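Spelled out, the chains give:
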Amino acid sequence: MTLLANATLVLPGEVLRGALHLKDGRIAAIEQGSHVPAGAEDCEGDLLMPGLIELHTDNLERHLQPRPKVDWPHQAAILAHDAELAGVGITTVFDALRVGSVITDNKTGYSEYARAVATGILDLRREGALRVSHFLHLRAEVCSETLVEEMAKFGPEDRIGIVSLMDHTPGQRQFRDIAKLRDYVMGKRGLSEADFQAHVANQQAMRARFGDLHEKIAVSEASRYGAALASHDDTTAEQVAVSKAHGVSFAEFPTTVEAAKACRAEGVQVMMGAPNVIRGGSHSGNVSAEELAGLDLLDILSSDYVPSSLLSAALHLGDLWGDMARGIATVTRAPAEATGLHDRGRLEIGTRADLLRVRRIGRHGGLRGVWVQGRRVG
């Protein structure tokens, strides 16, 4: 048995000084007080909270392709990604993999990769080579040509926890402002102006040809997998209504206050990016996560493209709301509930001993310990 004592416990709905007893990978007991028994680890008043749960991260793709046109060996990339997540306190991750490729416009970089990478993740998991708990998140790009064929390669055995409906058609959602899209695509892909204009025309034509069918197929496949369904970049109340009709349970990164309010009215949870919180705004010029937090329209945080942002952003929300338990819930209990993971995300007797010991450093947090099922991994 492991005993972590003299900690500031972040419990559901409250924060208090106490100790946790860990046994067989679970929380066996919770005690109040600052006493440190012999053999216990003295947490010196540090925060002790559930491990972070990440629903949407692009981090693995960064390891798979560290430079444009540089493809890194999958096994090495997955192991490096896993170690990085453990190092920033993420103990459960839904690895986001794009499904839906473009084969007639080779300048997009949208080639198929998801099935091979997913197999690599699942193989390493079976071998016990990974430090944290991995599930899959299929980002179903409806503005593509091969979505149906790619999604058919997955099944209920693949630990797919989330399917998100992605629509990156130029001129709507995240990139309603074509100028913002130009900066992003030309900077990332090195396209000329003529190439960019051709890209826009091609994407819009694909959406017109395949979009409705691909949305229908993605919704059906999510049900076949047993996965939670998410929308992405909803901008208007009308788009939220369509998402709700599809059976969406949470909305990733709504781009406007209008969309976030519509989500609240429809009972759809709102997820925003932790980098948006840290930076004080969206890099795409969309609504500020802190603004939504102030309007009580924010439920879940995702690290998106910066894994280390998740903990700091949750601490910041705790400070903003004057309720640390509520802030930490956006990265623990709320994402667990959104994906049906009822065995984690809370410090309660019987739940998984996925834990973080955190010391506050200004508005950020310094990790002093990371446990997954009671085993120290960082």
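The following refers to the structure shown.

Conventions we followed
- Residues numbered from 1 in each chain as written.
- Predicted model: local features only at pLDDT ≥ 70, side-chain atom pairs only at ≥ 80, totals over all residues.
- Heavy atoms only, no water.
- Buried < 20%, exposed > 50% of the residue type's maximum accessible area, 1.4 Å probe, protein only.
- Helix = DSSP H or I, 4+ residues; strand = E, 2+ residues; numbered from the N terminus.
- Arc of directions from axis to C-beta.
- Contact = heavy atoms within 4.5 Å.
- Phe/Tyr/Trp six-rings, centres within 6.5 Å; stacked < 30°, edge-to-face > 60°.
- Lys NZ or Arg CZ within 6 Å of the ring centre and 35° of its normal.
- Expected span 1.5 Å × (residues − 1).
- Axes fitted to C-alpha atoms, helices over the stretch in contact; angles between N-to-C directions.
- Parallel < 35°, antiparallel > 145°, perpendicular 65-115°, else oblique.
- Left-handed = near helix turned anticlockwise from the far one by under 90°.
- Nonpolar A, V, L, I, M, F, W, Y, C, P; charged D, E, K, R; others polar.
- Core = buried A, V, L, I, M, F, W, Y, C linked by side-chain atoms within 4.5 Å.
- Pairing = 2+ DSSP bridges.
- Salt bridge = Lys/Arg side-chain N within 4 Å of Asp/Glu carboxyl O.
- Polar contact = N/O pair within 3.5 Å; in protein donor to acceptor, adjacent residues only side chain to side chain.

For helix 7 (residues 237-246), the full list of buried residues reads Q239, V240 and S243. The buried residues of helix 7 occupy an angular sector of 100° when the element is viewed end-on, so they sit on one face. Exposed and oriented more than 90 degrees from the buried face of helix 7 are E238 and A245. Looking at the buried positions of helix 7, the neighbouring elements they touch are strand 10 (228-232) and helix 8 (257-266).

Overall, the coordinates contain one aromatic pair when judged by the stated rule. In this structure, R159 is placed above the aromatic ring of F135, and the distance from its NZ or CZ to the ring centre is 4.0 Å.

Our next topic: helix 2 (residues 74-87). In an α-helix, one full turn covers 3.6 residues, which means residues spaced three or four apart are oriented alike. Taking 1.5 Å of rise per residue, 14 residues should cover 20 Å, and helix 2 covers 20 Å from first to last C-alpha, within 8% of that figure. Those residues of helix 2 that sit buried are A77, I78, H81, D82, L85 and A86. Viewed end-on, helix 2 has its buried residues packed into an arc of 165°, placing them on one side of the element. Immediately downstream of helix 2, the backbone of G89 shows phi near 95°, a positive value.

Viewed as axis vectors pointing N to C, helix 2 and helix 3 (residues 114-126) meet at an angle of 60°, and their least axial separation amounts to 10 Å. Considering the angle they form, helix 2 stands oblique to helix 3. Crossing angle aside, the handedness with which helix 2 passes helix 3 is right-handed. Between helix 2, through H74, Q75, I78 and L79, and helix 3, the contact on the second element is made entirely by A116, V117, G120, I121 and L124. Its residues placed into classes, the contact of helix 2 with helix 3 shows six nonpolar, three polar and no charged.

Before going further, it helps to spend a moment on the nonpolar core. Grouped together as the largest cluster of nonpolar side chains are 72 residues, with contacts concentrated most on L97, F154 and V163. Looking at this core element by element, the count peaks at seven residues for helix 11 (residues 309-321). For L97, the residues in contact, after removing those within four places along its chain, are L60, Y113, A114, V117, A118, L136, H137, L138 and R139. In terms of nonpolar packing, the next biggest core, distinct from the first, is built from 15 residues, F135, I162, M271 and I300 among them.

The next point concerns the sheet that holds strand 13 (residues 300-302). In spatial order, the strands read 6-7-8-9-10-11-12-13; together these eight strands make up an open sheet with parallel pairing. Looking at strand neighbours, the two that pair on one side only are strand 6 (52-57) and strand 13, the edges of this open sheet. Here the strands of the sheet are splayed against their neighbours by 25° on average, with no regard to which way each runs. In the sheet, strand 9 (residues 160-166) pairs with strand 10 via four bridges, with the strands oriented parallel. For L165, the partnering residue across the bridge sits in strand 10 and is S231. Contacts from helix 3 reach strand 7 (90-99) and strand 8 (133-141), with the element oriented near 155° to strand 7.

Another aspect to go through is the pairing of strand 6. Burial of strand 6 is extensive: six of the six residues sit out of reach of the surface. Across four bridges, the pairing between strand 6 and strand 7 is parallel. Pairing of L52 across the sheet is with I90, part of strand 7.

Here we take up the environment of A260. Residue position: A260 is located in helix 8. Distance from A260 to D296, taken between C-alpha atoms, is 9.8 Å for residues 36 residues apart in sequence. Residues in contact with A260, not counting those within four places in the same chain, are P254, V270, L292 and L297.

On to the pattern of salt bridges, then. Applying the stated criterion across every chain yields a total of 19 salt bridges. The salt bridge involving E44 is made with R357; its shortest N-O contact spans 3.5 Å. Of this pair, E44 sits in the loop between strand 4 (41-42) and strand 5 (47-50) while R357 sits in strand 14 (residues 355-361), and the two are 313 residues apart along the sequence. The class for E44 is partly exposed, based on a relative accessible area of 48%. Among the ionic pairs, R359 bridges to E44, the shortest N-O distance being 2.7 Å. With R359 in strand 14 and E44 in the loop between strand 4 and strand 5, this pair connects stretches of sequence that are 315 residues apart. What makes R359 partly exposed here is its relative accessible area of 30%. Linked by salt bridges that have partners in common, E41, E44, D46, R357, R359, R368 and R376 make up one network.

Secondary-structure assignment places R346 in the loop between helix 13 (333-338) and strand 14. Of the polar contacts made by the side chain of R346, one reaches the backbone oxygen of R344; its length is 3.4 Å.

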